Amino acid sequence: MSDPVLLSVDSRGIATATLNKPAKGNAYDEDLLGALIAGLDRLRDDPAVRALVIRGAGKHFQAGADLDWLAKAATYGPEQAYAASMATTTAMQKLNEFPKPTFALVHGACFGGGCGVVCCVDVAIATPEAIFGLTEVRVGVAPTPISTHMVHAMGLRHTRRYALTGERFGAEEALRIGLVHEVVAADAVDARLAEIIDQTMLSSPTAIAMTKDSFLGATGLKLSAREMSLLAHESWMQRASAEGREGLAAFREKRRPAWYR
């Protein structure tokens, strides 16, 4: 079995983390989350690493949670269910507070936790064909592990709309609401990323780390252990609820959920 996250570092110290479950649109489960957390920890402490790029293998950037895994997680006991939600919460927190410049290149589907990843990086670039959606509510679960990051990136107003309706939207709308910074043609996106990274390499690594930490700390955007615990608890409780189970069952059975009128 291939590694769920592929890590590489080039000669300039630019690290790339490639989400590597293309057959499932890079949807995350405990294995992918664990690999991402371990990778972030390793890259964070490596002085040779100057920046981090997040990519998705195959046709999509990141299609949210693996719904087969969510259905399995809905049957977990409280301790294991909490740990599953804490894995998502931790991965997002570590990416958001990563002390080096972070970039995301978004193509294809970017749903749920994929949008969470985009909210947690410093610079997000999308191709015109990218499709976004905060779709958790459609299957009866709540996006609490990424909720704070969505509000920080898009503002409460836009987050309320898209996290509650579950609507899909395109790259230009993602640009308008602040989810991404630029929309660039697919055949030019790597060159544009290289330009931005080259500009970033002119900046002092320690000054970047201090600036990021100051921005997040001074504005109350760093998550405490208590806040992370609460977000994870809310997540698993909704997933284990009657509507959480019904929503996941309806999706797998390709039917409308019972609450639809």
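Given the structure is predicted, the values throughout are model-derived calculations rather than measurements. (Residues numbered from 1 in each chain as written. Predicted model: local features only at pLDDT ≥ 70, side-chain atom pairs only at ≥ 80, totals over all residues. Heavy atoms only, no water.)

## Quick look at the nonpolar core
Let me state the cut-off plainly: By convention a nonpolar core is built from buried Ala, Val, Leu, Ile, Met, Phe, Trp, Tyr and Cys residues, the set being connected through side-chain atoms within 4.5 Å. The buried label applies to any residue whose accessible area, calculated with a 1.4 Å probe on protein chains only, is under 20% of its type's maximum; exposed applies above 50%, and partly exposed to all values in between. Contacts between residues were defined by any pair of non-hydrogen atoms, one from each residue, lying within 4.5 Å.
One finds Leu-52, Val-106, Phe-132 and Leu-179 to be the most contacted residues of the largest nonpolar core, which totals 58 residues. Those residues within four positions of Leu-179 in sequence are excluded, and the remaining contacts are Cys-115, Val-118, Cys-119, Ala-124, Phe-132, Met-154, Phe-169 and Ala-174. The next biggest cluster of nonpolar side chains, apart from the first, holds 13 residues, and it includes Ala-51, Phe-103, Val-123 and Val-189.

## Quick notes on helix α4 (residues 113-120)
Selection criterion: We count a stretch as a helix when DSSP gives it H or I for four or more residues in a row; a strand needs E for two or more, and each element gets its number in order from the N terminus.
Counting buried positions along α4 yields eight of eight residues, so the element is predominantly enclosed. Within the sequence span of α4, burial applies to Gly-113, Gly-114, Cys-115, Gly-116, Val-117, Val-118, Cys-119 and Cys-120.

## Brief notes about the pairing of strand β2 (residues 14-19)
Put simply, the rule reads: Strands pair, by our definition, only if DSSP identifies at least two bridges between them.
Burial of β2 is extensive: six of the six residues sit out of reach of the surface. What you see with β2 is no split at all: Ile-14, Thr-16 and Thr-18 on one side and Ala-15, Ala-17 and Leu-19 on the other are buried throughout. Bridge count for strand β1 (residues 5-9) against β2 is five bridges, and the pairing is antiparallel. For Ser-8, the partnering residue across the bridge sits in β2 and is Thr-16.

## Side note on the packing of helix α1 (residues 30-44) against helix α3 (residues 78-96)
Inclusion rule: All axes are obtained by fitting lines to C-alpha atoms, using only the stretch in contact for helices, and the reported angles, taken between N-to-C directions, cover 0 to 180 degrees. By definition, any crossing whose near helix is turned counterclockwise from its far helix by less than a right angle is left-handed, and any crossing with a clockwise turn is right-handed. Think of it as three bins: nonpolar holds Ala, Val, Leu, Ile, Met, Phe, Trp, Tyr, Cys and Pro, charged holds Asp, Glu, Lys and Arg, and polar takes everything else, Gly as well.
Two elements in contact, α1 and α3, have axes whose closest approach is 9 Å; the angle formed by their N-to-C orientations is 30°. Viewed along their axes, α1 and α3 form a crossing whose handedness is left-handed. Counting all contacts with α1, which are made through Glu-30, Leu-33, Leu-36, Ile-37, Leu-40 and Asp-41, the residues of α3 involved are Ala-84, Ala-87, Thr-88, Thr-90, Ala-91, Lys-94 and Leu-95. Class assignment of the residues belonging to the contact of α1 with α3 gives a composition of eight nonpolar, two polar and three charged.

## Notes on the pattern of salt bridges
The line we're drawing: Here a salt bridge means any side-chain nitrogen of Lys or Arg lying within 4 Å of a carboxyl oxygen belonging to Asp or Glu.
All chains considered together, the criterion is met by 16 salt bridges. For Asp-198, the salt bridge is made with Arg-12, and the minimal N-O distance between the two is 3.1 Å. In this pair, Asp-198 sits in helix α7 (residues 189-200) while Arg-12 sits in the loop between β1 and β2, placing the two residues 186 residues apart along the sequence. Overall, the relative accessible area of 39% leaves Arg-12 in the partly exposed class. With a shortest N-O distance of 2.8 Å, Arg-176 and Glu-173 are connected by a salt bridge. Taken together, the positions of Arg-176 and Glu-173, both in helix α6 (residues 171-176) and three residues apart, correspond to about one turn of that helix. Judged by its relative accessible area of 54%, Arg-176 falls in the exposed class. If you follow the salt bridges from partner to partner, you end up with Lys-21, Lys-24, Asp-29, Asp-66, Asp-68 and Arg-252 in one network.

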